[in-house]
Amino acid sequence: MSTQIQERSLTPAEEQFHTSSIYPKPLNWGGPTWKIRNDYPAPPPGFSPGGLPSLPLPDFPHTELDAPWLKIDFRKEPEKYGTVIKEYCWEGNREAQFIPQDNHVRAWYHAPWMHASANGREPLKGLTFERPIPPLEFAKSQTHALQNWAIGFYNSPGASLFGYVWDDPNTPNWTQNLRFPEGTCVFKLLLTTASDKQVFTMKDSPSWPAVSSFKIVPTTAMFGLSSSIVDAAPPFSKVISPQPNPTVAPTSGAKREDHASHIRLIQVDWAVVDSRAPIGWVFGTFMYNGTLKQIKDPWDRLTLVGVQWGNDPQLDQTAYDGGKRPVESWINPDAEDLRKELGGKRPSWGYNGRLNGPADNFVSACASCHSVAQWNPGPMVQPGKLVKNKWIPENEKLTMTWFDNVKAGEPFSVRGALSCDYSLQLMIGFENYQTWLAKERTPVKKNVLFSWPGRRVVFRARPEDRAPDQTDEEKERIQRILDSIVVEREPARNGPTLEYTDEDESPPTDE
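Criteria and cut-off values
Residues numbered from 1 in each chain as written. Predicted model: local features only at pLDDT ≥ 70, side-chain atom pairs only at ≥ 80, totals over all residues. Heavy atoms only, no water. Helix = DSSP H or I, 4+ residues; strand = E, 2+ residues; numbered from the N terminus. Buried < 20%, exposed > 50% of the residue type's maximum accessible area, 1.4 Å probe, protein only. Expected span 1.5 Å × (residues − 1). pLDDT = per-residue confidence, 0-100. Contact = heavy atoms within 4.5 Å. Core = buried A, V, L, I, M, F, W, Y, C linked by side-chain atoms within 4.5 Å. Phe/Tyr/Trp six-rings, centres within 6.5 Å; stacked < 30°, edge-to-face > 60°.

(A) View of the environment of K388. In this structure, K388 sits in the loop between β13 (384-387) and β14 (390-393). Judged by its relative accessible area of 58%, K388 falls in the exposed class. Measuring from C-alpha to C-alpha, the distance between K388 and K345 comes to 9.4 Å, with 43 residues separating the pair along the chain.

Written as structure tokens, this is what we have:
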């Protein structure tokens with residue numbers, strides 16, 4: 001897609017498409033601010049968004065895929081597979097401080113429209129608000145709720161699908177199921193407010209500035225090496241989003257502070273298209289591990305938590321209680337030892353032994369969460385409740401629908417939905433665009449309906465409304481009625497609230 005600005009005024013939609021952040025930079029901030037990269041490569045001639053993964057890729061001067069992980073069997077060598085992908089993502093980006101515009105090795109891009117919501121991009125690094133970690137979930141010493149913020153990156157094959165959808169920012173093209181081509185790689189950096197005292201594995205974690213006033217003492221270079229958050233500072237007096245009570249995280253990123261602070265690397269997620277996997281994707285996640293002191297660069301102090309290539313749809317609660325374990329996830333024994341040593345309340349990394357990262361919800365899994373990426377979406381996790389730190393689903397049969405092996409390019413809900421192929425950022429960005437577009441139109445009184453996840457609401461015209469001699473006035477009347485209806489559902493961002501308290505145990509304090 002060509003994003004060269006013509007010598008004309010941009011339309012409101014084009015202005016929004018090129019917006020990096022709607023939040024102001026901190027007072028007296030003299031450093032750089034974040035800029036979106038959205039000059040996406042155009043899809044190749046004859047490109048079909050739901051086509052075969054063997055289609056030729058855009059903007060590649062050579063015919064061989066730049067996808068070294070495809071030479072490795074993820075089932076037999078999952079750790080090598082994940083390490084090769086991490087090195088691929090780091091190459092050029094690490095030296096460029098993860099600014100794609102400065103990467104001279106290979107092109108990387110950001111997803112559009114991630115700015116236009118309460119959880120939208122902050123102005124210094126383009127980070128979006130993610131699921132907070134409740135007290136005690138990650139570590140027994142974690143008495144505070146931890147805020148998490150993240151940014152994602154797509155390589156050229158992956159970005160070409162954004163180029164297809166957003167070829168014209170005024171009229172995005174999403175009229176059929178979408179599918180990313182083979183060679184697609186996505187990775188995401190997650191940063192947290194955790195201190196060393198709260199989580200011992202965070203020692204000397206790399207830090208980034210973001211809109212906050214949380215105190216920090218640099219131990220090496222401020223913009224890219226390591227730092228330690230000071231526990232003696234007034235706890236969470238001013239953080240990325242206000243958090244007056246350190247044990248209670250905000251439910252969204254709607255409110256922001258006006259000071260710059262530093263948050264630190266806790267997790268690195270990645271996903272690649274790989275047709276050998278049952279779902280057409282392979283997911284993985286690394287956690288920062290400050291105990292790896294022998295590694296000089298703290299950005300490389302990462303322990304692979306695991307690799308996932310399917311959802312283990314056969315592993316229901318009965319099978320798990322009977323001793324069965326996932327066969328489409330591999331959990332690194334070193335990461336499992338760290339989880340147990342940290343002593344948090346999460347019983348496993350992901351649901352019933354599947355893969356998820358330290359900042360993620362253990363009642364879900366990497367592939368499960370991303371499988372709901374569609375238009376219109378439903379919640380990312382199944383309904384239920386936490387009983388003595390064990391997740392009890394409301395309905396086991398319903399729960400297992402979240403762990404189907406949804407094929408790449410197919411929707412999570414078969415009826416009334418279009419797939420965006422496991423890309424939550426594509427889904428959220430498009431939702432943000434739709435919300436903005438609705439506000440741009442003439443305000444009308446809305447009739448509000450509520451829908452269950454995975455369900456659709458269908459409006460059918462009466463026979464007399466379909467009459468061939470229907471007047472333009474009558475057609476406009478029907479359209480006004482349809483435009484007045486909005487279907488609302490529970491926000492799908494964070495999932496259920498988890499409170500870790502036993503009948504005879506309450507969270508410890510720092511006092």
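From this point, things continue past the structure.
(B) Here's a closer look at helix α2 (residues 78-90). Here α2 contains 13 residues, and its C-alpha end-to-end distance of 18 Å stays within 8% of the 18 Å for a straight helix at 1.5 Å per residue. Buried within α2 we find P78, Y81, G82, I85, K86, Y88, C89 and W90. Once α2 ends, the next one or two residues include G92, with phi positive near 85°.

(C) Structural context of the confidence of the model for the chain. For the chain, per-residue confidence averages 82 on the pLDDT scale, and residues scoring 70 or more make up 77% of the total. A low-confidence stretch, residues 212-239 stays under pLDDT 50, and its non-local contacts, those more than four residues away or across chains, total 89 contacts. Per-residue pLDDT stays below 50 along residues 487-494; that stretch engages in 24 contacts with residues further than four places along the chain or on separate chains.

(D) Spatial organisation of the nonpolar core. Of all hydrophobic cores here, the largest spans 106 residues; its most connected members are L189, W270 and W281. When sequence neighbours within four positions are dropped, the list of residues in contact with L189 reads W90, F98, W149, A150, I151, F153, W208, L265, Q267, V268 and W299.

(E) Representation of the packing of aromatic side chains. Scanning all chains against the criterion turns up 38 aromatic pairs. Geometrically, the ring pair formed by W90 and W299 is edge-to-face, given 6.3 Å between the ring centres and 70° between the ring planes. Separated by 209 residues along the polypeptide, W90 in helix α2 and W299 in the loop between β9 (281-288) and β10 (302-308) bring together distant segments of the chain. Judged by its relative accessible area of 0%, W299 is buried. Centroid distance W166 to F430: 6.2 Å. Interplanar angle 55°. Geometry classified as tilted.

(F) Focus on unusual backbone geometry. Notably, Q97 is not glycine yet its phi reads approximately 55°, a positive angle. Relative to the helices and strands, Q97 is located in the loop between α2 and β1 (108-109). The residue N352 is not glycine, and still its phi comes out positive at about 50°. Examined against the element boundaries, N352 turns out to sit in the loop between α5 (333-342) and α6 (366-371).

(G) Local environment of the environment of G183. As for its position among the elements, G183 is in the loop between α3 (156-165) and β4 (185-192). Under the relative-accessibility criterion, G183 is labelled buried at 2%. Residues G183 and P68 lie 115 residues apart in sequence; the distance between their C-alpha atoms is 9.1 Å.

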